[in-house]
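Residues per chain, in single letters:
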Amino acid sequence: MRYRNLGNTGFHVSEIGLGCEYLEGKGRKIVEDVIHASMDNGINILDCFMSEPDVRSNIGYALKGRRDKIHIQGHFRSIWENGQYGRTMDLAKTKCFFEDLLRRLNTDYIDFGMIHIVDNPADYEQIFSGEIFEYASELKRAGVVRKIGISTHNPATALLVAKSGNIDMMLLSINPAYDVLHETAARPKKLGNGFFDTVPMHGINGVRQELYNYCASNGIGITAMKTLAAGALLNENTTPYARAMTVQQCIHYALTRPGVASALVGMQSIEQVQDCLRYEEMSEQELDYSSIFAQEPRFNMEGRCMYCNHCLPCSAKINIAEVNKYLDMAMLEGIPLDSVRAHYESLEHTADDCRQCGQCEKRCPFHVPIMERMRKAKELF
């Protein structure tokens, strides 16, 4: 495993990290196996934004006796209410669930205290001029939080926060599909040949390029999430490009952005950990992704569900990510509808329960037409 400096934080992190999102809903043994396999092979950074109690407790169990060997990104504002994930601007709730994170992870400190999902200027102003940032700063002064960061999907807001001087690092969604999207448009224009000339850097959105360069020049470390675009880049039927990428090419893409220290990948089995670790042994020729971008993209990734559930809470308690996942699976060729339907029908709440209130769409960082997809899932299944 190779390690990189995370900006000017003083932390040296493995260039492959563990995103724990897909461990939610897994049994304790699976969580322990994945975390131990990761750490045994040199991975020393993980992200836990999830507020669901069991996954936090299972991660804490897996880290027992090994806490000092891992750097944890733990999130402020991520809460669990009425059996659902959500996020809040309420200080009391923020404190309650951050203390819950410490307790369930069996730790008295978090390496990187991440202010969860700062995706627009209004959120930035409210958080960084208010009680939540002050609370995070107090914990940093007390040593409970070692460094302060943000998680964000929006490069324009990320650049604003980076230039404020208030953070040490950030968790940013990075993959080649996102890098060419307009930083503010809800429905970007069609991607044309000009985006990918001979080198993929030529096609990167200007704000993203400025963000990467600013962070690299000013010592603001970046860890990458959404590196596989929820698997869409790995499948020829769902990738926006002429052919699918490999897991390792996706990791390599993120790690070749200026300022990026670690690519965090969602892994939910030992086999997936081993597959990611193949990156460390592959040649430059095997990792090269440039030829994939030399052809006309077929469609852009805006509006595609990343299964992150940042759209929650749902007033009907629907696990929106799961419904979207099964809908996407059902649309792929070669997958029997009946087998997907069986998984879909096992959900406690399905698209049949959708009230079409639209609150989920307001929260979605990827502008997914969720209400339309709920109607489609209801009709299909």
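Preceding this paragraph is the structure being described.
All figures in this text were calculated on a predicted structure; none of them were measured in a lab. (Residues numbered from 1 in each chain as written. Predicted model: local features only at pLDDT ≥ 70, side-chain atom pairs only at ≥ 80, totals over all residues. Heavy atoms only, no water.)

J.: Whenever I open this one, the overall build of the protein confuses me. Can you help?
T.: A count of helical and extended segments in the protein gives 15 helices and 12 strands. Against the 2.2 N^0.38 benchmark of 21 Å for 381 residues, the protein shows a C-alpha radius of gyration of 20 Å, consistent with a compact globule. If you sum the accessible surface of the protein, you get close to 15,900 Å²; carbon and sulfur atoms cover 47% of it. Distance between charge centroids for the protein: 2 Å, based on 41 positive and 48 negative side chains. (Helix = DSSP H or I, 4+ residues; strand = E, 2+ residues; numbered from the N terminus. Rg over C-alpha atoms; globule rule 2.2 N^0.38 Å. Areas by Shrake-Rupley, 256 points an atom, 1.4 Å probe, with all protein chains shown as cover. Lys, Arg positive; Asp, Glu negative; His and termini not counted. Charge placed at Lys NZ, Arg CZ, Asp CG, Glu CD.)

J.: I keep staring at the sheet that holds strand 8 (residues 110-115) and nothing clicks. Help me out?
T.: In sheet architecture, strand pairing relies on hydrogen bonds along the backbone and comes in two forms, parallel and antiparallel. With parallel pairing, 8 strands are arranged side by side around a closed barrel as 3-4-5-8-9-10-11-12. The sheet shows a mean angle of 30° between the axes of neighbouring strands, taken without regard to direction. Bridge count for strand 10 (residues 169-173) against strand 11 (residues 221-225) is 5 bridges, and the pairing is parallel. Looking at strand 11, one finds that Leu172 is bridged to Ala224. Against the sheet, helix 8 (residues 206-218) touches strand 10 and strand 11, its axis set at about 150° to strand 10. (Pairing = 2+ DSSP bridges. Axes fitted to C-alpha atoms, helices over the stretch in contact; angles between N-to-C directions. Contact = heavy atoms within 4.5 Å.)

J.: Help me out: how do you make sense of empty space enclosed by the protein in this one?
T.: Where empty space is left becomes clear once a probe the size of a water molecule has been rolled over the atoms. Counting across every chain of the model gives 1 cavity of 30 Å³ or more. Of the pockets and cavities examined, the largest cavity occupies roughly 80 Å³. (1 Å grid on protein atoms, 1.4 Å probe; cavity = no way out; pocket = protein on both sides within 12 Å on 5 of 7 lines; lining within 4 Å. Points joined across faces, edges and corners; volume = space filled by probe spheres on them.)

J.: Quick question: what am I supposed to make of the nonpolar core here?
T.: Where a protein is soluble and globular, its nonpolar side chains tend to be buried together. Judged by nonpolar contacts, the single largest core of 113 residues is most densely connected at Ile59, Phe128 and Met170. Excluding residues within four positions of it along the chain, Phe128 makes contact with Ile115, Val118, Phe133, Ile150, Val161, Asn166 and Ile167. Grouped together as the second largest cluster of nonpolar side chains are 11 residues, Phe11, Ile45, Met169 and Met225 included. (Core = buried A, V, L, I, M, F, W, Y, C linked by side-chain atoms within 4.5 Å. Buried < 20%, exposed > 50% of the residue type's maximum accessible area, 1.4 Å probe, protein only.)

J.: For this particular structure, what's the right way to read the environment of Gly206?
T.: With respect to the secondary-structure elements, Gly206 resides in helix 8. In this structure the C-alpha to C-alpha distance between Gly206 and Ala377, which are 171 residues apart in sequence, comes to 37 Å.

J.: What is the right way to look at the pattern of salt bridges in this model?
T.: Opposite charge on two side chains permits pairing when their charged atoms draw close. The tally for this structure, following the rule as stated, stands at 18 salt bridges. The residue Arg104 makes a salt bridge to Asp100 at a minimum N-O spacing of 2.8 Å. Of this pair, Arg104 and Asp100 both sit in helix 3 (residues 91-104), separated by 4 residues, roughly a single helical turn. Among the residues examined, Asp100 registers a relative accessible area of 8% and is labelled buried. Between Arg208 and Asp179 there is a salt bridge whose closest N-O contact spans 3.2 Å. One end of the pair, Arg208, is in helix 8; the other, Asp179, is in helix 7 (residues 176-179), and 29 residues separate them in sequence. (Salt bridge = Lys/Arg side-chain N within 4 Å of Asp/Glu carboxyl O.)

J.: Would you mind showing me how to read the packing of helix 12 (residues 320-331) against helix 13 (residues 337-345) here?
T.: For any two helices packed against each other, the geometry comes down to the angle between their axes and how far apart the axes lie. Contact geometry of helix 12 with helix 13 gives a least axis separation of 9 Å together with a crossing angle of 175°. Considering the angle they form, helix 12 stands roughly antiparallel to helix 13. Across the interface between the two elements, Val323, Tyr326, Met329 and Ala330 of helix 12 pack against Leu337, Val340, His343 and Tyr344 of helix 13. In terms of residue class, the contact of helix 12 with helix 13 is made up of 7 nonpolar, 1 polar and no charged. (Parallel < 35°, antiparallel > 145°, perpendicular 65-115°, else oblique. Nonpolar A, V, L, I, M, F, W, Y, C, P; charged D, E, K, R; others polar.)

J.: Can you help me understand the environment of Gln268 in this one?
T.: Topologically, Gln268 is positioned in the loop between strand 12 (260-266) and helix 10 (270-277). Note on Gln268: relative accessible area 29%, which makes it partly exposed. Between the C-alpha atom of Gln268 and that of Leu18, which follows or precedes it by 250 residues, the distance is 9.7 Å. Once you skip the residues sitting within four places of it in the chain, Gln268 turns out to touch Tyr22, Leu23, Lys26, Ile30 and Val34. In this structure the side chain of Gln268 is engaged in a polar contact, spanning 3.1 Å, whose partner is the side chain of Lys26. (Polar contact = N/O pair within 3.5 Å; in protein donor to acceptor, adjacent residues only side chain to side chain.)

J.: Teacher, can you tell me more about the packing of aromatic side chains here?
T.: Given two aromatic rings, their pairing is described by the distance between the two centres and the angle made by the two planes. Applying the stated rule across the entire model yields 8 aromatic pairs. Centroid distance Tyr344 to Phe381: 4.1 Å. Interplanar angle 20°. Geometry classified as stacked. Taken as a pair, Tyr344 in helix 13 and Phe381 in the segment after helix 15 (370-380) lie far apart in primary sequence, 37 residues in all. Assigned by exposure class, Tyr344 and Phe381 land together as buried. The lysine or arginine in question, Arg28, covers the ring of Tyr61, its NZ or CZ lying 4.2 Å from the ring centre. For Lys163, the ring lying beneath its charged end belongs to Tyr214, and the centroid distance is 5.8 Å. (Phe/Tyr/Trp six-rings, centres within 6.5 Å; stacked < 30°, edge-to-face > 60°. Lys NZ or Arg CZ within 6 Å of the ring centre and 35° of its normal.)

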